[in-house]
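Residues per chain, in single letters:
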Amino acid sequence: MTSIPPLKIQELEVKLPIIQGGMGVGISLSGLASAVANAGGVGVISAAEIGMIYENDFMKNPQETNRRALIDEIERARQKAPEGVIGVNIMVAMTEFYELCEVAIEAKADIIFAGAGLPLGVPFEKLRGSHTKFSVIVSSARATTLIFRYWDRHYKDIPDMVVVEGPKAGGHLGFKLEEIDDPNFTLEKITPPVIEAIKPFEKKYSKKVPVVAAGGIYTGEDIYYFMNEIGTDGVQMATRFVATHECDADIKFKEAYIKAKKEDVVIIKSPVGLPGRAIKNKFLEDVWLGKRQPFKCIWQCLKGCDYRKAPYCITQALVNAKKGRFAGGFAFAGANVYRVDKIVSVQELMDELVGGYIKASETHR
Ligand SMILES: Cc1cc2nc3c(=O)[nH]c(=O)nc-3n(C[C@H](O)[C@H](O)[C@H](O)COP(=O)(O)O)c2cc1C
């Protein structure tokens, strides 16, 4: 019988080539990450303003609380999934990117995923003195070459994995508005040039760098397609993991996914200057009508955010949504969110995905 191949990230072997994408703010914490890790995939905790799980402390000292909460969540995930692979997603756009990488390494995360910007300045010595692997998240071959060239020159090394995130992903997108629906920028089009771009570096360092595709992957058949027709080593998925019992968001957040119709999925211009994909609601409609949500910026958590001009605080809006308080926020989601129709367990979802992969591989034999 055919089976799904494992994902090898250097010496780290993951039973299933399925990564649960990091979801901020507070959507993927230790609950979801440990469930995915126990089911054989890579479970990923999002570090984005993670300190908000300790609300009172966060208001007093957000940076210190973010660091403590990240350590605690990594430890909780480890306790729940001692044999599993646990990663941390840290956005380069975060003011604390470098420091949170150090915290994740010290707390012995298995892998760091760095997206929403180019991860050039990283705590390299600390990283290579640890077992923690480092994956970049990119949306073009150009960005990939830039990062690899920089690492080659400055660190005499290259990253351990690449996630290619296409325009159907949820949350902030690494594309210009006009590229999002352009057929030249689909995930299947942008991935092969990334695979090509890293080849000379893989050769120079005699190192196999796995490439993983993300954004709009929904079924086991999709996984089969990307791994066998496009040539990736695995996939990263997020939207489907929201509709699981173990996802760390409030039930109202998950219900927003189930209720969403195709026409509710919209592209917004986030206050950080990037486009993002979200589910339309009254909060967003008010923003479009020019209504400002008054807010006090506790601290400059994102490098590119000009809180004096922003019509609302993106972090606060996402925290509210995580807690099910949609009067003050909205849910990020991938383009396929309208296909989600029920909440299942992570194990059920993983079984469905693996089953779909095997079925597809048998049909293609
Ligand atoms: C609710 C939500 C929040 C997300 N937050 C982040 C984040 O904080 N950092 C990040 O790199 N990607 C984030 N993403 C992107 C996912 O990690 C993932 O790569 C992408 O959504 C995959 O596409 P899919 O949702 O169609 O499976 C988010 C996605 C969703 C749906």
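Residues numbered from 1 in each chain as written. Predicted model: local features only at pLDDT ≥ 70, side-chain atom pairs only at ≥ 80, totals over all residues. Heavy atoms only, no water.

Below, the discussion takes up the packing of helix α3 (residues 62-80) against helix α4 (residues 97-106). A pair of packed helices can be characterised by two numbers: the angle between their axes and the separation between those axes. Interhelical geometry of α3 versus α4 gives an angle of 30° and a closest axis separation of 10 Å. The angle between the axes of α3 and α4 places the two elements in the roughly parallel class. Note that α3 runs across α4; the crossing there is right-handed. In contact with Asn-66, Arg-67, Leu-70, Ile-71 and Ile-74 of α3, α4 contributes Glu-99, Leu-100, Val-103 and Ala-104. In terms of residue class, the contact of α3 with α4 is built from 6 nonpolar, 1 polar and 2 charged. (Axes fitted to C-alpha atoms, helices over the stretch in contact; angles between N-to-C directions. Helix = DSSP H or I, 4+ residues; strand = E, 2+ residues; numbered from the N terminus. Parallel < 35°, antiparallel > 145°, perpendicular 65-115°, else oblique. Left-handed = near helix turned anticlockwise from the far one by under 90°. Contact = heavy atoms within 4.5 Å. Nonpolar A, V, L, I, M, F, W, Y, C, P; charged D, E, K, R; others polar.)

This brings us to the pattern of salt bridges. Overall, the coordinates contain 22 salt bridges when judged by the stated rule. We note a salt bridge from Arg-68 to Glu-64, for which the minimum N-O separation is 3.7 Å. Here Glu-64 and Arg-68 lie together in helix α3, a separation of 4 residues that amounts to about one turn. For Lys-207, the salt bridge is made with Asp-157, and the minimal N-O distance between the two is 3.4 Å. You can see Lys-207 sitting in the loop between α7 (187-205) and β10 (211-214) and its partner Asp-157 sitting in the loop between α6 (141-155) and β8 (161-165), a full 50 residues away along the chain. Comparing Lys-207 with Asp-157, the two get one shared label, buried. Each of Arg-128, Asp-157, Asp-160 and Lys-207 takes part in a single network of salt bridges with overlapping partners. (Salt bridge = Lys/Arg side-chain N within 4 Å of Asp/Glu carboxyl O. Buried < 20%, exposed > 50% of the residue type's maximum accessible area, 1.4 Å probe, protein only.)

Attention shifts here to the site of the ligand. Residues in close proximity to the ligand total 20 residues, the closest being Glu-165, Gly-216, Gln-236, Ala-238 and Thr-239. Between the ligand and the protein, one listed contact pairs a nitrogen atom with a backbone N or O atom of Gly-24 at 3.1 Å. Here Asn-89 contributes a side-chain N or O atom positioned 3.0 Å from an oxygen atom of the ligand. When the ligand is considered free in solution it has 610 Å² of accessible area, and contact with the protein chains removes 95% of it. For the shell around the ligand, the secondary-structure elements that each account for two or more residues are β5 (85-91) and β11 (234-237). (Near = heavy atom within 4 Å. Polar contact = N/O pair within 3.5 Å; in protein donor to acceptor, adjacent residues only side chain to side chain. Areas by Shrake-Rupley, 256 points an atom, 1.4 Å probe, with all protein chains shown as cover.)

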